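The lines below spell out each chain.
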2 protein chains.
Amino acid sequence: MTNKPTPRPGGRSARIQAAVHQAVQELQKEQGRAGLTVPAIAARAEVTPSTIYRRWGDLAQLLADVAVEQLQPEQPPADTGSLRSDLLAWLVEYFEEMSSAPGRAMLRDVLGTEGHACAGKCDGFLRQQIEVINERALARGEQPIETGLVIRIVVAPLMYRILFANETPTAQAIEALFEQLVSSADA
Amino acid sequence: MTNKPTPRPGGRSARIQAAVHQAVQELQKEQGRAGLTVPAIAARAEVTPSTIYRRWGDLAQLLADVAVEQLQPEQPPADTGSLRSDLLAWLVEYFEEMSSAPGRAMLRDVLGTEGHACAGKCDGFLRQQIEVINERALARGEQPIETGLVIRIVVAPLMYRILFANETPTAQAIEALFEQLVSSADA
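None of the values given here were measured: they were computed from a predicted structure.

A. Representation of helix α2 (residues 38-45) of chain B in the model. Residue and element names in this part refer to chain B. Among all positions of α2, only V38, I41, A42 and A45 are buried. Take α2 and look down its axis: the buried residues cluster within an arc of 100°, on one side only. Pointing more than 90 degrees away from the buried face of α2 are the exposed residues P39 and A43. Packed against the buried residues of α2 are α1 (12-31), α3 (49-56) and α4 (59-71). A side-chain oxygen of the first residue of α2 lies 3.1 Å from the backbone nitrogen of A40; this N-cap is T37. Positive backbone phi, at 60°, marks E46, one or two positions downstream of α2.

B. Broad picture of the relation of the copies chain A and chain B. Take chain A, turn it by 180°, move it 0.0 Å along the axis, and it overlays chain B with an RMSD of 0.0 Å. The symmetry that links the two subunits is that of a two-fold axis. Taking C-alpha positions as the reference, the residue of chain A nearest the rotation axis is G112 of chain A, at 1.8 Å.

C. Focus on the confidence of the model for chain A. Residues of chain A with pLDDT of at least 70 account for 95%, and the chain-wide mean is 89. The element-level mean pLDDT for chain A is lowest in helix α4 (residues 59-71) of chain A, coming to 85, with helix α8 (residues 147-165) of chain A highest at 96.

D. Representation of the domain arrangement of chain A in the model. Here the domain parsing of chain A yields domain 1 (12-57) and domain 2 (76-186). Distance between the C-alpha centres of domain 1 of chain A and domain 2 of chain A: 31 Å.

E. The arrangement of the packing of aromatic side chains in detail. The full count for this structure, using the stated rule, is six aromatic pairs over all chains. Between the aromatic rings of Y94 of chain B and F95 of chain B, the centroid separation amounts to 5.2 Å while the plane-to-plane angle is 85°, which identifies the pairing as edge-to-face. An aromatic cluster of three or more residues is present, and its members are W90, Y94 and F95 of chain A. Taking the ring centre of W56 of chain A as reference, the NZ or CZ of R55 of chain A above it sits at 5.2 Å.

F. View of the interface of chain A and chain B. Contacts between the two partners involve 26 residues from chain A and, on the opposite side, 26 residues from chain B. Of the roughly 2400 Å² buried at the junction of chain A and chain B (both faces included), carbon and sulfur atoms supply 66%. Its largest share of buried area at the contact with chain B, chain A owes to R108, Y160 and F164 of chain A, together 31% of the area lost on that side. Mapped by element, the contributors of at least two residues to the side of chain A that touches chain B are α6 (101-111), α7 (117-140), α8 and α9 (171-186) of chain A. Top contributing element to the side of chain A that touches chain B by residue count: α8 of chain A, with 10 residues.

G. View of the pattern of salt bridges. All names here are of chain B. Scanning the model with the defined rule gives 18 salt bridges over all chains in all. Here E26 makes a salt bridge to R44, at a shortest N to O gap of 2.9 Å. Of the two residues, E26 is situated in helix α1 and R44 in helix α2; the sequence distance between them amounts to 18 residues. Residue D79 pairs with R136 through a salt bridge whose shortest N-O separation is 3.9 Å. Placement of the pair is D79 in the loop between α4 and α5 (83-98) and R136 in helix α7 (residues 117-140), with a sequence separation of 57 residues.

H. Structural detail: helix α1 (residues 12-31) of chain A. Residues and elements named next belong to chain A. Counted at 1.5 Å a residue, the expected span for α1 with its 20 residues is 28 Å, and the 28 Å between its end C-alpha atoms agrees. Taken residue by residue, α1 has A14, Q17, V20, H21, A23, V24 and L27 as its buried positions. Summarising the contacts, the buried residues of α1 are in contact with α2 (38-45), α3 (49-56) and α4. One or two residues past the end of α1 sits G32, with phi positive at roughly 75°.

The rules we used
Residues numbered from 1 in each chain as written. Chains lettered and ligands numbered in written order. Predicted model: local features only at pLDDT ≥ 70, side-chain atom pairs only at ≥ 80, totals over all residues. Heavy atoms only, no water. Buried < 20%, exposed > 50% of the residue type's maximum accessible area, 1.4 Å probe, protein only. Helix = DSSP H or I, 4+ residues; strand = E, 2+ residues; numbered from the N terminus. Arc of directions from axis to C-beta. Contact = heavy atoms within 4.5 Å. Polar contact = N/O pair within 3.5 Å; in protein donor to acceptor, adjacent residues only side chain to side chain. Least-squares fit on C-alpha atoms with pLDDT ≥ 70 in both. pLDDT = per-residue confidence, 0-100. Domains from an automatic or database assignment. Phe/Tyr/Trp six-rings, centres within 6.5 Å; stacked < 30°, edge-to-face > 60°. Lys NZ or Arg CZ within 6 Å of the ring centre and 35° of its normal. Buried area = accessible area lost by both parts, 1.4 Å probe. Salt bridge = Lys/Arg side-chain N within 4 Å of Asp/Glu carboxyl O. Expected span 1.5 Å × (residues − 1).

Shown next as structure tokens:
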């Protein structure tokens, strides 16, 4: 993905980004990955191919940029009344999404690209969501669970299974790791 | 990577595979990733591009296949006299390799490709090495540590940091997780 600053909303650069991202998503839906070439994306977005190369470098970087945008959470995790139920519900939903076909395609685009800006954003979104849950817990007078611990005990093993073992984590598997997390956090 | 059966050593198919793999490695060393095109690889390996497309499908699958071959361990983990020292030494070495520039490039090739055959092989190699350490421990009369536990407590969190947080795990970080593993295994 590009390391350039996020374009000012409504500016020319932001309009180009939005048009190109939309073109990628439309072509992917209509023709699958095979239809995604820089000339085809440029034609659909009504920009020149050189605009795409200048801004994103190459097709892989553009696809990673689009994937990261799709990974950005649209809303805060649901408030279900307690830290434990908020966190467990959010984890189940997150891993359901990540192990779906579109989730795996996003991970492939993000992890298959040189540079870590996109993967770092993915980690950042995940941390933000856990922190929202923790802040809500604090406001309720509950003891938060350190974000790094959630990642180490629950997120990392599930991500490993998705990426390296082609598994779709079951709710039971997520709950088992969640119990490990809760007992580590209590220790 | 290809799902075709492993070619019979010394057969025509094995010779083609060896020539193409060698061409990829030579071109990558001489010209970097930019020099890796199917026509250039075919010319260097003295095969036709269609041989490559027929066998590997596309460039990404070929690169993933080469990356997995490089991930294949060349020798069993060193015998340092005890399960704990064997396992810790092997983990430190493994993550030193995986977080190096060539290690990260291999992970990118393996994880950026559709299908899980290559990522699954990578997981398989890692499990094999841990099992060699465990078998040696059993032969010494030591209590082995379940491979799945090593992956969940040590490997997965370090892999997450390499992939998503662009970190290079320090020996201290590996030792800290290793202590977690040992106390979980003892529990």
